[in-house]
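Coordinate analysis (summary)
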Amino acid sequence: MARVIAAPSSAGDKRRAFRAGLASGKIQRLPGAFSPLVAMAVQRAGFEGVYVSGAALSADLGLPDIGLTTLTEVAGRGQQIARVTELPTLIDADTGFGEPMSAARTVTVLEDAGVAGAPFEDQVNPKRCGHLDGKAVVPVADMVQRIRAAVSARRDQDFVVCARTDARALEGLEAAIDRAKAYADAGADLVFTEALADEAEFEKFRAAVHVPLLANMTEFGKSELLSAQTLENLGYNVVIYPVTTLRLAMYAVEQGLRDIAETGTQQALLDRMQHRSELYDLLQYENYNTFDSGIFNFSLEESRL
């Protein structure tokens with residue numbers, strides 16, 4: 001079935017697909033998408049899922065990643081992105097937007113938005129980007145309550161509750177491992193450990209934690225950039241590239257604007273642009289034309305046949 005208005009698969013279908021991917025032994029590659037159009041490009045490029053980064057969403061709103069976005073803003077963008085793609089969407093839920101009861105509500109709102117799952121992190125609120133200094137984490141017991149609240153609130157058991165720990169940079173690798181085990185015991189389906197240094201640390205974490213694991217391959221951060229194949233060989237289940245598409249896009253935008261400011265024309269930039277026909281193809285204009293013709297060619301006589 002061709003996509004018109006929204007992807008044909010239900011939210012439940014996408015959640016089941018994500019669950020199956022976690023159990024497949026093949027790493028699930030989730031590039032970041034800061035808009036529905038980018039999510040459509042991610043699907044076309046052949047990836048297994050889409051990640052909606054809190055950092056990218058904040059930046060797209062002109063805000064730093066320090067916990068300024070609201071649940072309404074995050075869920076709204078998640079719904080827009082999940083609507084247009086057949087791929088499961090994993091969306092950053094920050095600290096759950098408040099106390100454990102807020103984390104519980106966050107799960108219900110994100111379920112209704114159609115996403116497949118969400119990471120909840122153990123930073124204090126307000127949080128900050130996981131690859132910046134000056135972070136602080138809550139006590140383990142507080143995060144356990146956060147995860148238990150999130151897990152207990154879900155109505156669709158295929159919705160993936162992911163627990164993220166930022167403890168590596170603050171308390172060391174062993175403490176991060178202990179936290180991950182506690183969060184898994186609290187019901188987390190997936191564990192996301194932030195800012196591991198290198199392949200050896202990723203390997204040690206994998207050996208110690210016996211639930212599906214997510215690796216964050218963000219640029220210009222504290223982690224060595226490892227290939228998806230390397231991470232799969234280590235036993236990781238998911239890899240995200242959370243801000244990559246935004247960085248690529250903004251670099252191109254800034255370069256192009258400088259050229260136009262200097263030359264007064266975009267003529268020299270045409271070969272660096274997505275052509276109108278390519279955009280229309282990505283948006284599947286032809287499907288809309290077919291759908292529209294079928295609806296508005298309807299006649300009363302035909303309906304009586």
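Residues numbered from 1 in each chain as written. Predicted model: local features only at pLDDT ≥ 70, side-chain atom pairs only at ≥ 80, totals over all residues. Heavy atoms only, no water.

Membership of the largest hydrophobic core comes to 42 residues, with the highest contact counts inside it found for Leu110, Phe120 and Ile147. Looking at this core, the elements that each hand over two or more residues are α2 (36-44), β2 (50-52), α3 (54-60), α4 (71-84), α5 (100-113), β4 (117-121), α6 (140-153) and β5 (160-165). Per-element accounting of this core gives the leading share, seven residues, to α6. In this structure, Leu110 is in contact with Arg15, Ala75, Ile91, Ala93, Val115, Ala118 and Phe159, ignoring residues within four places of it in sequence. (Core = buried A, V, L, I, M, F, W, Y, C linked by side-chain atoms within 4.5 Å. Buried < 20%, exposed > 50% of the residue type's maximum accessible area, 1.4 Å probe, protein only. Helix = DSSP H or I, 4+ residues; strand = E, 2+ residues; numbered from the N terminus. Contact = heavy atoms within 4.5 Å.)

With that settled, consider the packing of α4 against α5. Where α4 contacts α5, the axes come no closer than 8 Å and their chain directions differ by 25°. Looking at the two axes, α4 sits roughly parallel to α5. In the packing of α4 onto α5, the handedness of the crossing is right-handed. Within the contact between the two elements, α4 uses Leu71, Ala75, Gly78, Gln79 and Ala82 and α5 uses Arg105, Thr106, Val109, Leu110 and Ala113. Here the residues of the contact of α4 with α5 are counted per class, giving six nonpolar, three polar and one charged. (Axes fitted to C-alpha atoms, helices over the stretch in contact; angles between N-to-C directions. Parallel < 35°, antiparallel > 145°, perpendicular 65-115°, else oblique. Left-handed = near helix turned anticlockwise from the far one by under 90°. Nonpolar A, V, L, I, M, F, W, Y, C, P; charged D, E, K, R; others polar.)

This brings us to the side chain of Asp92. Position of Asp92 relative to the elements: it lies in the loop between β3 (89-91) and α5. With no salt bridge to any partner, buried Asp92 finds its closest opposite charge in Arg164, at an N-O distance of 4.5 Å. In terms of polar contacts, Asp92 uses its side chain to reach the backbone amide nitrogen of Asp94, at 2.8 Å. Not counting residues within four places of it along the chain, the set of residues in contact with Asp92 comprises Tyr51, Val52, Ser53, Gly54, Ala55, Val74, Pro119 and Glu121. (Lys, Arg positive; Asp, Glu negative; His and termini not counted. Salt bridge = Lys/Arg side-chain N within 4 Å of Asp/Glu carboxyl O. Polar contact = N/O pair within 3.5 Å; in protein donor to acceptor, adjacent residues only side chain to side chain.)

Once that is clear, we can look at the environment of Phe159. Relative to the helices and strands, Phe159 resides in the loop between α6 and β5. Along the primary structure Phe159 and Thr193 are separated by 34 residues, whereas in three dimensions their C-alpha atoms are 20 Å apart. In contact with Phe159, not counting residues within four places along its chain, are Arg15, Arg19, Val107, Leu110, Glu111, Val115, Ala116, Gly117, Ala118, Arg154 and Asp189.

Relative orientation of the contacting elements α2 and helix α12 (residues 276-283) amounts to 80°, with a least axis distance of 10 Å. In terms of their interaxial angle, α2 and α12 are classed as roughly perpendicular. Where α2 approaches α12, its residues Leu37, Met40, Ala41 and Arg44 are matched on the opposing element by Leu279, Asp281, Leu282 and Leu283. A breakdown of the residues in the contact of α2 with α12 according to their chemical character gives six nonpolar, no polar and two charged.

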